[in-house]
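# Descriptive structure summary
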Amino acid sequence: MYRIIFGILAGLAVPALAQSPLTIREAIDRALQHNDALEAGRRSTGAASERIRAARGALLPQVSYTESWTRSNNQVFVFGSLLEQKQFTSANFDLGSLNNAPFLNNFQSQVIADQVLFDFGRRRASIHSAELGRTYAAEQERKTTMQVIHDTIADYYSAIAGRAAVEAAAQSVRSAEADLDRAQKRRDAGMITDSDVLSIRVHLGEMREVQIRATAGTESARAALNQTMSEPLDTRFDLTTTLEEMKAQPEADFEKVSAAERPESRQAALGIELAEAQVKTTRSALWPEFYMRAGFEADRQRFVNRGGANWLASAGLRWTLFNGFTDRARVAEAAEEAASRRAMAKYVASGIQVETRRAELQLDAARQRVAVARETVAMADEALRITKNRYESGLSDVTELIRAETAVTGARMRHIEAVRDQRLAMLEVEMASGTLSKDAKAIQ
């Protein structure tokens, strides 16, 4: 029986012993290497680069090859095919042959090359649009990178704050258990009543509930951190970075920085450029396109012989004179889209300022909360010490003791939350200003 119990306990202990140490910087590196959303962003940027290659390909000649076989006794077909095959003889002028032409095979090979010479900037505008699209995708990838860093730091600090909360709750449970033990001894000695013991039991149950909730929150944060790092959700890491108060609060004009650094701000500007490039593209469609064509053709009675070849070269223009005002409607549509993008850029800029200012205010509030919470913990500890001494001396009742115990637990929890919120508030400032990187100030 004892061997079975020992085996179970040993099996449960193995995962804890096998936990790999993980600092917050290592967690960020793991996320940046393996996060699936980042991989998707890299692929989108790569696809945008390929669109540039496709757009530039329009500057080069378009070459096509066709191979066909035709068999017919159509008089015109036979007469023309014999000429193209260079197999025409004087006998083919015979009226009988002309009127009653025999069946003839024609194997035709064609290579055609088309080159646009001038199109009033249409292809150049398309290339520029593709280049802007790649820059836009790169900004989206940077935004995703910042979000991954943000989520990693937030999940990591939430996990270690939860662990600290579990430890604080466990300390409160141990203290309540000690109070219960003392109360039972005093009750047995006839110094207090059963109601005092029951009150402490209720308090102990409340502290255990706090511990259970803190444990659940910690496990949830750990699972979120594993997801961000693209690790199995049940992977156990020993989170070695401690949760400490920030020593100094950075001083910078984050609102001014955010106007230039936020990916959304840059994307809004790129959106305006894209819309203006689209206007140029649609306007160029109103003008003619000049082109040149060259070709080679081989016609044969048999697939490999009895044939001839010819060349051709031509130049011309294509100009759509009327298509139901479709092109003009597209120009007007592109102009409206450009105006819409300009208005949206202003709205985005204003929203970024509001987000940055809100984040700075929250950071300042978090700094003040940390200071207040630190002092509150010290005062609550001292008040509990005095109350315990008074309770042991019979100068205070169990209600005062429980109140003091609860106050200490609440003060410790609020201090942990305040320190975590201070780090996360700094994280939000960097996120809002577009300056968040793997060397974030929130982890320094």
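One can find the structure itself at the top, above this paragraph.
An account of the accompanying structure is given in this report. (Residues numbered from 1 in each chain as written. Predicted model: local features only at pLDDT ≥ 70, side-chain atom pairs only at ≥ 80, totals over all residues. Heavy atoms only, no water.)

## Some thoughts on the overall build of the chain
What counts here: Secondary structure is summarised from DSSP: a helix means a run of H or I of at least four residues, a strand means a run of E of at least two, and numbering begins at the N terminus for each. Computation of the radius of gyration draws on C-alpha atoms, with the globule rule given as 2.2 Å multiplied by the number of residues to the power 0.38. The classification of residues rests on relative accessible area computed with a 1.4 Å probe and restricted to protein chains. Under 20% of the type maximum is buried, over 50% is exposed, and intermediate values are partly exposed. Note on contacts: a residue pair is in contact if any heavy atoms of the two residues lie within 4.5 Å. The charge count treats Lys and Arg as positive and Asp and Glu as negative. His and the chain ends do not count. Lys charges are placed at NZ, Arg charges at CZ, Asp charges at CG and Glu charges at CD.
Secondary structure summary: the chain contains 11 helices and six strands in total. Taking 22 Å as the expected radius of gyration for a compact globule of 444 residues, we find that the chain reaches 40 Å, considerably beyond that expectation. Overall size of the chain, expressed as C-alpha extent along the three principal axes, is 140 × 65 × 35 Å. Per-residue burial for the chain yields a buried fraction of 36% across its 444 residues. Across the chain, contacts joining residues at least 24 apart in sequence account for 82% of those joining residues at least 6 apart. Where the 58 positive side-chain charges of the chain centre and where its 59 negative ones centre are 4 Å apart.

## Describing the sheet that holds strand 2 (residues 62-72)
Definition in use: DSSP calls a pair of strands paired once it identifies at least 2 bridges connecting them. Only C-alpha atoms enter the line fits that serve as axes; for helices the fit covers just the stretch in contact. Angles between N-to-C directions range over 0 to 180 degrees.
If you walk across this open sheet you meet the four strands as 2-3-5-6, and the pairing is antiparallel. The open sheet has two edge strands with one neighbour each: strand 2 and strand 6 (307-318). If you compare each strand with its neighbour and ignore which way they point, the axes differ by 15 degrees on average.

## What to know about the side chain of glutamate 430
The condition that has to hold: Any carboxyl oxygen of Asp or Glu within 4 Å of a side-chain nitrogen of Lys or Arg constitutes a salt bridge here.
One can find glutamate 430 in helix 11 (residues 398-433). Although buried, glutamate 430 forms no salt bridge, and the nearest oppositely charged side chain, lysine 441, lies 4.7 Å from it. In this view, glutamate 430 contacts Met146, Thr435, Leu436, Ala440, Lys441 and Ala442; residues no more than four positions away in its chain are not counted.

## A look at the packing of aromatic side chains
Here is the rule we go by: Two aromatic rings from Phe, Tyr or Trp, using only the six-membered ring of Trp, form a pair when their centres are within 6.5 Å; if the ring planes differ by under 30 degrees the pair is stacked, by over 60 it is edge-to-face, and anything between is tilted.
This structure, assessed with the given rule, holds seven aromatic pairs. On the basis of an interplanar angle of 55 degrees and a centroid distance of 4.8 Å, the ring pair of phenylalanine 118 and phenylalanine 120 is categorised as tilted. With relative accessibility at 43%, the residue phenylalanine 118 sits in the partly exposed group. For phenylalanine 120, a relative accessible area of 35% gives the class partly exposed.

## Observations regarding unusual backbone geometry
Unlike most non-glycine residues, lysine 86 shows phi in positive territory, near 60 degrees. Along the polypeptide, lysine 86 turns up in the loop between helix 4 (75-84) and helix 5 (95-99). Look at serine 230: it is not a glycine, yet its phi comes out positive at around 60 degrees. Serine 230 gets classed as partly exposed once you look at its relative accessible area, which sits at 30%.

## Describing the packing of helix 9 (residues 263-284) against helix 10 (residues 326-392)
Worth spelling out the cut-off: We call two directions roughly parallel when the angle between them is under 35 degrees, roughly antiparallel when it is over 145, roughly perpendicular when it lies between 65 and 115, and oblique otherwise. Amino acids are sorted into nonpolar (Ala, Val, Leu, Ile, Met, Phe, Trp, Tyr, Cys and Pro), charged (Asp, Glu, Lys and Arg) and polar (every other residue, Gly among them).
Two elements in contact, helix 9 and helix 10, have axes whose closest approach is 8 Å; the angle formed by their N-to-C orientations is 170 degrees. As summarised for this structure, helix 9 and helix 10 are arranged roughly antiparallel, according to the angle between their axes. Listed contacts from helix 10 to Glu264, Ser265, Ala268, Gly271, Ile272, Leu274, Ala275, Glu276, Gln278, Val279, Thr282 and Arg283 of helix 9 are Arg330, Val331, Ala334, Ala335, Glu337, Ala338, Arg341, Arg342, Ala345, Val348 and Ile352. Residue composition of the contact of helix 9 with helix 10, grouped by class: 12 nonpolar, four polar and seven charged.

## Quick notes on a nonpolar patch on the surface
What counts here: To count toward a patch, a residue needs a relative accessible area over 30% and no salt bridge; like charges are then connected within 9 Å, while nonpolar side chains (Val, Leu, Ile, Met, Phe, Trp, Tyr) are connected within 5 Å. For the accessible areas, the method is Shrake-Rupley and the probe is 1.4 Å, while residue cover comes only from the protein chains on display.
Taken together, Leu117, Phe118, Phe120, Trp287, Phe290, Met292, Leu317, Trp319, Leu321, Phe322 and Phe325 make up a surface patch of nonpolar side chains, about 1,200 Å² in accessible area. With respect to the helices, strands and loops of the structure, phenylalanine 118 is situated in strand 3 (residues 104-118).

## Notes on the pairing of strand 5 (residues 289-300)
Judged from the 11 bridges that link them, strand 3 and strand 5 form a sheet pairing that is antiparallel. In the sheet register, valine 116 faces strand 5, and the bridge partner there is tyrosine 291. The antiparallel pairing of strand 5 with strand 6 creates a hairpin that spans six residues between the two strands, and arginine 306 there sits at a positive phi of about 55 degrees.

## Thoughts on the nonpolar core
Short version of the rule: Within this scheme, the nonpolar core is defined by two criteria: the residues are buried Ala, Val, Leu, Ile, Met, Phe, Trp, Tyr or Cys, and they are joined through side-chain atoms within 4.5 Å.
Core analysis: the largest hydrophobic core is formed by 37 residues, its most contacted members being Ile153 and Leu239. The element best represented in this core is helix 6 (residues 122-188), accounting for nine residues. Isoleucine 153 has contacts with Ile24, Ile28, Leu427, Ala440 and Ile443, leaving out every residue within four places of it along the chain. Counting 28 residues, the second-largest nonpolar core is a separate cluster that includes Ala176, Leu180, Leu384 and Val408.

## A look at the pattern of salt bridges
One pass over the structure, following the stated rule, counts 35 salt bridges. One salt bridge in this structure joins arginine 123 and aspartate 119, with 3.0 Å as the shortest N-O distance. We classify aspartate 119 as buried; its relative accessible area is 5%. Salt-bridge contacts for arginine 385 lead to glutamate 382; the nearest nitrogen and oxygen are separated by 2.5 Å. Here arginine 385 and its partner glutamate 382 are both found in helix 10, three residues apart, which amounts to about one turn of the helix. Among the residues examined, arginine 385 registers a relative accessible area of 45% and is labelled partly exposed. What you see here is one network of salt bridges that share partners, running through Glu139, Arg142, Glu261 and Arg266.

## Here's the deal with the environment of threonine 242
The condition is simple: Think of a polar contact as two N or O atoms within 3.5 Å of one another; within protein, one of them needs to be a possible hydrogen donor and the other a possible acceptor, and neighboring residues in sequence only count if both atoms come from side chains.
Structurally, the position occupied by threonine 242 is in the loop between strand 4 (237-239) and helix 8 (254-261). For threonine 242, a relative accessible area of 46% translates into the label partly exposed. Linking threonine 242 and alanine 164, residues 78 residues apart in sequence, is a C-alpha distance of 9.3 Å. At 3.1 Å, the side chain of threonine 242 and the side chain of glutamate 244 are in polar contact.

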